[in-house]
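Fold and contact review
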Amino acid sequence: MNKEQTSKQADHKKSLAEEIAEQVKEQNTLFIDQQHEPYIAINKSGGQVMKLSSREFGGWLRNNIIKNHQRFQGLDTLVDVVSAMLIYEATMNGECHELTTRLARLDDCQGNPMEIIYDVADGVHSVRITPEGWSLQDVPIMFLHHRHQKPQCLPERHSDCSIEPLRDLLSEFKDDREWLVVMAFIIGLYVPNLSKPLLVLSGDMGSGKTLTARRIVDLVECSSLSSGLPAIRNGQELMRIANKNSVLLSDNLSNISNSLSDELCRIVTGASLAKRALYSDDDDWICEVCRPVIITGIPSNLIQREDLLDRTIPAKVSRISASKRRTQSELDAEFAKLKPYLLGSIYNILSKALKILPSVKLEELPRSADWAKLCYAICESMDGHTGKEFLDAYQSILNKQTEMAIESSLVAQACRLLVSQTGAWEGTASQLHEIKLHYDGVLGHEEDTDARCYLVNHPDWPHSPATLGKQLDRCKSTLESIGIKVKHGYYKYGQRWIELIDTNWKDKQSDDIKNENSSK
């Protein structure tokens, strides 16, 4: 570089836009997220994170220019120029921070969570939970903040590891085993990016299902949307809402459509969505979420599809008697008073659970195995409970799931009825579809005949053998869980055959004979 170029640079006077951009860059942190979108962390803290291309940042920058430079003329142009400079700087030279909503986790080399960070959303505090304990700290640059989010109250520090006091403020769980699983589910909500079952609360009118669900959500996600999600029209809308909430609540459902059932299966196990960011270009907006879901409704058989039911924790609550009913304001005041203690207990339990989680080895892994392993560690860390209690309680719920799945499937009921007499059945899908008034070997059994008539004359009975075959494939795992094996093959002339075998039939027959002899 010659002397003339050096002197020109020395004489160059920075423009106002350049001065403002440098000032903003020095006082704040410019970075990109996992989708390479440019962001700014105000005052180099994660308490206030804004997208550089957002209207929120434009308003912040406009106020900053007016306050520090008293500039009004050409303000909109100045804001656009400074924003473009900051976007370029963040994209080319900024740090990279992965952003999430409300909860973040760090794993060890084996994939076990070793640190959980919870955003209190007050712009100042976050909770750091490790195997050594929990503590309050400044908010790291890890979280996106949304308008519906409200600040969580700060936890109370104590040594208790129990959330039993919460039970008095919720609906009445008559089954202690269900309540234990619900407690483990509540504490497990603080571990993000982990496939969890859906919690389905059912009960009569006046049983407090909605209040119970809102209390559970409020312990994790304080939000103006805590009253429940609006009606979901499509999967993209559900993904968009899930991306902005750490827990989803769908309240007072009467039925669940097949399309919504499929989307809920994807949400709770982990789903991704890629769509065009704008109609004017071909850029993608990518969303990846794995969120817990809570559903409330009156019917106990609210969920009909076997794949969603297999991912469900059904819990039934009782109607609140008039003598035990309390006002909403009284319950809210008591819950607000108890909440800091409950949060402290949850963090105590979770800290202990993180410590023992790597050493937990289960003999048999159920569906949602990672969640079951976590809940085992949680119950081991709770006062007055053990991991074995959780496994026994969860198994009772799995048994209930199986029976509910059979009750919701006419095909599964028909298959169980067919093998109940001889222990096996073989035929084509057409023959299975046409079982109506009689079946070889069971003529004269009017009760069984009436049951078959009811099944095949039901409006939900498959309208064709092909549809029946698809439904049989869907309920195959449910049938195998009660000992009925489903086999498929082809005859010499190419027609497909179906074989149903009850592996427990001989044992059932011997038990029936023993019961008859004992009754005599």
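Scope of this entry: the structure provided in the associated data block. Note that the structure is a prediction, hence the values are computed from the model and not measured.

1. Details of the sheet that holds strand β2 (residues 38-41)
Taken together, the 4 strands give an open sheet; going across it, the order is β3-β2-β1-β4, and neighbouring strands pair in mixed fashion. If you trace the sheet from one side to the other, it starts and ends with β3 (49-51) and β4 (95-96), each paired once. Where β2 and β3 come together, 3 bridges link them in antiparallel fashion. What sits directly across from Ile 40, in β3, is Met 50. Strands in contact with helix α4 (residues 75-93) are β1 (29-32), β2 and β4; relative to β1, the strand with the most contacts, it is inclined by about 60°.

2. A few points about helix α11 (residues 369-381)
Since there are 3.6 residues in each turn of an α-helix, residues three or four apart along the chain are aligned in direction. With 13 residues, α11 extends 19 Å between its outermost C-alpha atoms, agreeing within 8% with the 18 Å of an ideal straight helix rising 1.5 Å per residue. The complete set of buried residues in α11 reads Trp 371, Ala 372, Lys 373, Leu 374, Cys 375, Ala 377, Ile 378, Cys 379 and Ser 381. On its buried face, α11 sits against α5 (176-188), β16 (312-316), α10 (328-356) and α12 (387-407).

3. A short note on the sheet that holds strand β17 (residues 424-427)
Within the open sheet, the 3 strands sit side by side as β17-β19-β18. Their pairing is antiparallel. On the outer flanks of this sheet lie β17 and β18 (484-490), each paired with one strand and no other. Pairs of neighbouring strands in the sheet enclose a mean axial angle of 10°, with direction left out of account. Pairing geometry for β17 and strand β19 (residues 496-502), over 4 bridges, is antiparallel. When the bridges of β19 are listed, Ala 424 appears paired with Ile 501.

4. Concerning the layout of surface pockets
As a volume, the largest pocket reaches approximately 1400 Å³. Per-element accounting of the lining of the largest pocket gives the leading share, 6 residues, to strand β14 (residues 284-289).

5. Section: the packing of α11 against α12
A pair of packed helices is captured by two measures, namely the crossing angle of their axes and the spacing between those axes. Where α11 meets α12, the axes come as close as 7 Å, and the angle between the chain directions of the two elements is 135°. Judged on the interaxial angle alone, α12 and α11 are oblique. Considering how the two elements wind past one another, α11 and α12 form a crossing that is right-handed. Between α11 and α12, the contacting residues are Trp 371, Ala 372, Cys 375, Tyr 376, Cys 379 and Glu 380 on the first element and Gly 387, Lys 388, Phe 390, Leu 391 and Tyr 394 on the second. The class makeup of the residues in the contact of α11 with α12 is 8 nonpolar, 1 polar and 2 charged.

Parameters at a glance
Residues numbered from 1 in each chain as written. Predicted model: local features only at pLDDT ≥ 70, side-chain atom pairs only at ≥ 80, totals over all residues. Heavy atoms only, no water. Pairing = 2+ DSSP bridges. Helix = DSSP H or I, 4+ residues; strand = E, 2+ residues; numbered from the N terminus. Contact = heavy atoms within 4.5 Å. Axes fitted to C-alpha atoms, helices over the stretch in contact; angles between N-to-C directions. Expected span 1.5 Å × (residues − 1). Buried < 20%, exposed > 50% of the residue type's maximum accessible area, 1.4 Å probe, protein only. 1 Å grid on protein atoms, 1.4 Å probe; cavity = no way out; pocket = protein on both sides within 12 Å on 5 of 7 lines; lining within 4 Å. Points joined across faces, edges and corners; volume = space filled by probe spheres on them. Parallel < 35°, antiparallel > 145°, perpendicular 65-115°, else oblique. Left-handed = near helix turned anticlockwise from the far one by under 90°. Nonpolar A, V, L, I, M, F, W, Y, C, P; charged D, E, K, R; others polar.

Keep in mind these values describe shape, not function.
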